[in-house]
Amino acid sequence: MIYLDNAATTYPKPEQVYIAMDHFNRYLGGNPGRGSHQQTLKAGSVLLDSREALARLFNIADSSRIAFTQNITDSLNIGLKGIIKPGDHVITTSMEHNAIARPLHYLRQAGVEWTAVNCSPDGSLDPEDIRRAIKSNTRMICMLHASNVAGTIMPVPEVGCIANDKGLIFMVDSAQTAGVLPIDVVAYHIDILAFTGHKGLLGPQGTGGLYVRPGLTVNPLKQGGTGSMSEYLEQPALMPDLLESGTPNTPGIAGLQAGVKFIETTGLENIRRHEQQLTDMLINGLCEIPEVKIYGPLDSNKQTAVVSINIGDMDSGELSMALEYEYGIDTRSGLHCAPLAHRTLGTMEQGSCRLSPGFFTTHEDINTVIKAVHTIANHNK
């Protein structure tokens, strides 16, 4: 089996991730912050150490400003609904995932204004178009760092400067970039960073988080037990307790910590370099097949390791199924939970077959994939 669906969830994980989760479940298992016995203290240290590792990765000075969540959809909903009020205006791009688009559609029905700034047919964005969309009631710019459909990398540093100049809140969806591209919340003027654990951070599913800069308060979506200030009915106002009600996925966070440490040890630049090589191989090889349509920048310097294709008028689901059943290659087809992006790329009707290699994908795997697509394209003539 050749796994090319890393944009959905990375597989396999580093061996350290499996070991860390198994170790927690077998030998720790306490509920962090609930009591003072050794098991719960050790569980609490898992959360603390994980926050510190993430803070190093994102250049966050105070790791307590990171709240753990179930996933990045959870994080984005908290960030949007915990700040935006009726009458506020939010700016996004036309490449957003439904994790941003659906909450904003919901908020728009409650009186929030939403502008999705148009991107180019390859998914790229002119940051000045963001500046031109700013209005007197604009409260937030919320955008993805890279497209999950075409891999297009957005000009986050430039947009962050615009948001900072205009006094706007800047929230970034790093689902496709955390653990793959450098992210510096200070240099990029990021006020809120949403991340997920199971993609580029190489952790398990069911993990994610939200960084909120000091001085900014996000109203929680839920209230409940935090293990702190239990004598009060009010939700604790301090971070991360404000946004962390209920027992966290501590075994998953232990795995996430192991994934982040693997990235630290391996080197972010080495991970990025390997994925760029694979992306270049895919693009160059697929460009040699006349029947193949490729979407996005077609440049590994301008995109992540995500390459979406179609073969003529062939249904994208049929292509994905042929790759799996005939060649053992796992991909994803359809709209990838991002209809706005597909409208931008012109693939709303056909969708696309997405090939997304990861750090554990080999050059031999990519050669096999190119040959398989070539064979399918010839049969589809």
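Heads up: the structure comes first, above all this text.
Here the structure is a predicted model, which is why all the values come from computation and not from measurement.

Draft legend 1. Structural detail: the packing of aromatic side chains. Scanning the entire structure with this criterion turns up five aromatic pairs. Ring geometry for Phe58 against Phe195: centres 5.6 Å apart, planes inclined by 45°, an arrangement best described as tilted. Of this pair, Phe58 sits in helix α2 (residues 38-58) while Phe195 sits in strand β7 (residues 192-196), placing them 137 residues apart in sequence. Residue Phe58 shares its accessibility class with Phe195, and that shared class is buried. Ring geometry for Phe359 versus Phe360: centroids 5.4 Å apart, planes at 75°, classification edge-to-face.

Draft legend 2. Structural view of the sheet that holds strand β6 (residues 169-173). In space, the seven strands of this open sheet follow the order β2-β8-β7-β6-β5-β3-β4, with mixed pairing throughout. Every other strand in the sheet has two partners, leaving β2 (66-69) and β4 (113-117) as the edge strands with one partner each. Mean inter-strand twist for the sheet, computed between neighbouring axes without regard to direction, equals 20°. Across three bridges, strand β3 (residues 89-93) lies against strand β5 (residues 138-144) in parallel orientation. Bridge pairing in β5 places His89 opposite Thr138.

Draft legend 3. How the structure looks around the sheet that holds strand β9 (residues 292-295). Reading across the sheet, the four strands line up as β9-β10-β13-β12 and stay open at both edges, with antiparallel pairing between neighbours. Each edge of the open sheet is held by one strand with a lone partner, namely β9 and β12 (332-334). The mean inter-strand angle of the sheet, taken between neighbouring strand axes irrespective of direction, is 30°. By the bridge criterion, three bridges tie β12 to strand β13 (residues 352-355) in an arrangement that is antiparallel.

Draft legend 4. Just unusual backbone geometry, in detail. Following Tyr11, the chain continues into Pro12 via a peptide bond in cis, with omega recorded as -5°. Inspection of the secondary structure puts Pro12 in the loop between β1 (2-3) and α1 (15-28). Residue Pro240 is bonded to the preceding Met239 through a cis peptide linkage, with omega at 5°. Assignment of secondary structure puts Pro240 in the loop between β8 (208-212) and α7 (250-266). Residues other than glycine seldom take positive phi values, yet Asn59 does so here, at roughly 55°. Note that Asn59 resides in the loop between α2 and β2. Non-glycine residue Cys337 carries a positive phi angle of around 60°.

Draft legend 5. Focus on the pattern of salt bridges. All chains considered together, the criterion is met by 10 salt bridges. Put simply, Glu264 and Arg56 hold a salt bridge, and the shortest N to O gap is 2.8 Å. Placement of the pair is Glu264 in helix α7 and Arg56 in helix α2, with a sequence separation of 208 residues. Close ionic contact of Glu113 with Lys135 constitutes a salt bridge, the shortest N to O distance being 2.5 Å. You can see Glu113 sitting in strand β4 and its partner Lys135 sitting in the loop between α5 (127-133) and β5, a full 22 residues away along the chain. Judged by relative accessible area, which is 38%, Lys135 ranks as partly exposed. What emerges from the salt-bridge pattern is a single network uniting Asp126, Asp129 and Arg132.

Draft legend 6. Expanded view of helix α4 (residues 98-108). Listed as buried for α4 are Asn98, Ala99, Ile100, Ala101, Pro103, Leu104 and Leu107. Buried residues in α4 make contact with α3 (72-81), β3, β4, β5, β6 and α10 (339-345).

Draft legend 7. Structural view of the packing of helix α8 (residues 268-287) against helix α11 (residues 363-379). Axis separation between α8 and α11 bottoms out at 10 Å; the angle between their running directions is 20°. One way to sum up the angle between α8 and α11 is to call them roughly parallel. Relative to α11, α8 is oriented so that their crossing is right-handed. For the pair α8 and α11, the contacting residues are His274, Gln277, Leu278, Met281, Leu282, Gly285 and Leu286 in the first and His363, Ile366, Asn367, Val369, Ile370 and Val373 in the second. Tallied by class, the residues present in the contact of α8 with α11 amount to eight nonpolar, five polar and no charged.

Definitions and limits used
Residues numbered from 1 in each chain as written. Predicted model: local features only at pLDDT ≥ 70, side-chain atom pairs only at ≥ 80, totals over all residues. Heavy atoms only, no water. Phe/Tyr/Trp six-rings, centres within 6.5 Å; stacked < 30°, edge-to-face > 60°. Helix = DSSP H or I, 4+ residues; strand = E, 2+ residues; numbered from the N terminus. Buried < 20%, exposed > 50% of the residue type's maximum accessible area, 1.4 Å probe, protein only. Pairing = 2+ DSSP bridges. Axes fitted to C-alpha atoms, helices over the stretch in contact; angles between N-to-C directions. Salt bridge = Lys/Arg side-chain N within 4 Å of Asp/Glu carboxyl O. Contact = heavy atoms within 4.5 Å. Parallel < 35°, antiparallel > 145°, perpendicular 65-115°, else oblique. Left-handed = near helix turned anticlockwise from the far one by under 90°. Nonpolar A, V, L, I, M, F, W, Y, C, P; charged D, E, K, R; others polar.

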